[in-house]
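So the chains spell out like this:
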Amino acid sequence: MSESDIADLCRRIYQKHQRALDLIYEHRPDRQTVIQMILEKLIQETPDIILDAHLKRHIRFAVQEWDVPILLEGKEWTASHRILLFEFRNEVDSLKLSLYIGPGPQETRQKLFDMATQKMPPFKPANKTLNNKWNAIYHYQQPFLTPKLYEDASDDKLEAEIRKHWTAFLENDLPKIKAALKAEDWIWQFANTISPMQGG
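The rules behind the values
Residues numbered from 1 in each chain as written. Predicted model: local features only at pLDDT ≥ 70, side-chain atom pairs only at ≥ 80, totals over all residues. Heavy atoms only, no water. 1 Å grid on protein atoms, 1.4 Å probe; cavity = no way out; pocket = protein on both sides within 12 Å on 5 of 7 lines; lining within 4 Å. Points joined across faces, edges and corners; volume = space filled by probe spheres on them. Helix = DSSP H or I, 4+ residues; strand = E, 2+ residues; numbered from the N terminus. Nonpolar A, V, L, I, M, F, W, Y, C, P; charged D, E, K, R; others polar. Core = buried A, V, L, I, M, F, W, Y, C linked by side-chain atoms within 4.5 Å. Buried < 20%, exposed > 50% of the residue type's maximum accessible area, 1.4 Å probe, protein only. Contact = heavy atoms within 4.5 Å. Pairing = 2+ DSSP bridges. Axes fitted to C-alpha atoms, helices over the stretch in contact; angles between N-to-C directions.

### A look at the layout of surface pockets
Moving on, step 1. Counted as a void, the largest pocket has a volume near 150 Å³.
Moving on, step 2. In terms of lining, the largest pocket is formed by Pro 121, Pro 122, Lys 124, Tyr 138, His 139, Tyr 140, Gln 141, Asp 173 and Lys 176.
Moving on, step 3. Contributions of two or more residues to the lining of the largest pocket are made by strand 5 (135–139) and helix 6 (155–182).
Moving on, step 4. Considering only residue class, the lining of the largest pocket consists of four nonpolar, two polar and three charged.

See the structure below:
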C-alpha cells in the first residue's frame, strides 16, 4: 500500500469514527501518568509506607512509624502536616527519589538537618545550611529511569526498572534512614502522645 493510499484510508477511518478517535486521543495515558500509577501502586502495596499527597509530577510518601507528634507539625506543604516526606520527581524524561524536610517548626527542622549532616551516608543534604522551607537531605543514588528508557522501553519494561530500584531502596537505603531517625531520642520522647491530627 502506497503512502497516499494509507493517508486516504486514515482520512476515511477518521471521518467515520471521528468522535471515538478524538475521545481516545484526549484520554490517552501519557508516560508521566503511567509512571505515576506504577509508583502509587508500589507505595500502596509496601508495608509501613504511606502514600501522601500525589500529583503527576510529585508523588510523596512517608514511613508510618514517623507519624509521631513532633514530626506532624508541618505547615504549608501537605494536608498530613508531615515534616519529613519522600518525593518522587516524575519529569517527562527522568524519575528521581529524594527525602525532604518541609516547612514547620524551626527547631525541629534544624535538628533533622543537623542529623542529616552528621550521618552521611545515608543522608546527603543538597545544601550546607538549612533553607527556609524545603531541604533535600537524601537522594537515591541514581535516577529510577533514564531518558533513553523513555524513548525505547515499553510500559512493562519501565515498571520492571522502577520495581528494581524500589526494591534496592527498600532493602538498602531505607533501613539505614529509618535507623538514623530511630536513634534520635528527641523524636520519640513524646511518641505515645496523641497529636491533634491523629485524635479525630
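### Focus: the nonpolar core
Moving on, step 1. The biggest cluster of nonpolar side chains holds 47 residues, and the ones touching the most others in it are Trp 66, Phe 86, Phe 88 and Phe 123.
Moving on, step 2. The greatest single-element share of this core, amounting to eight residues, is contributed by helix 6.
Moving on, step 3. Contacts of Trp 66, omitting those with residues within four sequence positions, involve Leu 71, Leu 84, Phe 86, Leu 99, Ile 177, Lys 178, Leu 181 and Trp 188.
Moving on, step 4. Residues Trp 77, Leu 85, Tyr 100 and Ala 136 belong to the second largest nonpolar core, which totals five residues.

### A word on empty space enclosed by the protein
Moving on, step 1. One pass over the full model with this rule turns up one cavity of 30 Å³ or more.
Moving on, step 2. What the largest cavity holds in volume is close to 40 Å³.
Moving on, step 3. If you go around the largest cavity, the residues you meet are Ala 62, Val 63, Trp 66, Asp 67, Leu 71, Arg 82, Ile 83 and Leu 84.
Moving on, step 4. Grouping the constituent residues of the lining of the largest cavity by class yields six nonpolar, no polar and two charged.

### Examining the sheet that holds strand 3 (residues 84–90)
Within a sheet, neighbouring strands are paired by backbone hydrogen bonds and run either parallel or antiparallel to one another.
Moving on, step 1. Pairing is antiparallel across the open sheet formed by five strands, whose spatial order is 1-2-3-4-5. For this open sheet the edge positions go to strand 1 (49–54) and strand 5, each flanked by a neighbour on one side alone. Neighbouring strand axes in the sheet, compared pairwise and without regard to direction, differ in orientation by 35° on average.
Moving on, step 2. Across four bridges, the pairing between strand 4 (residues 95–101) and strand 5 is antiparallel.

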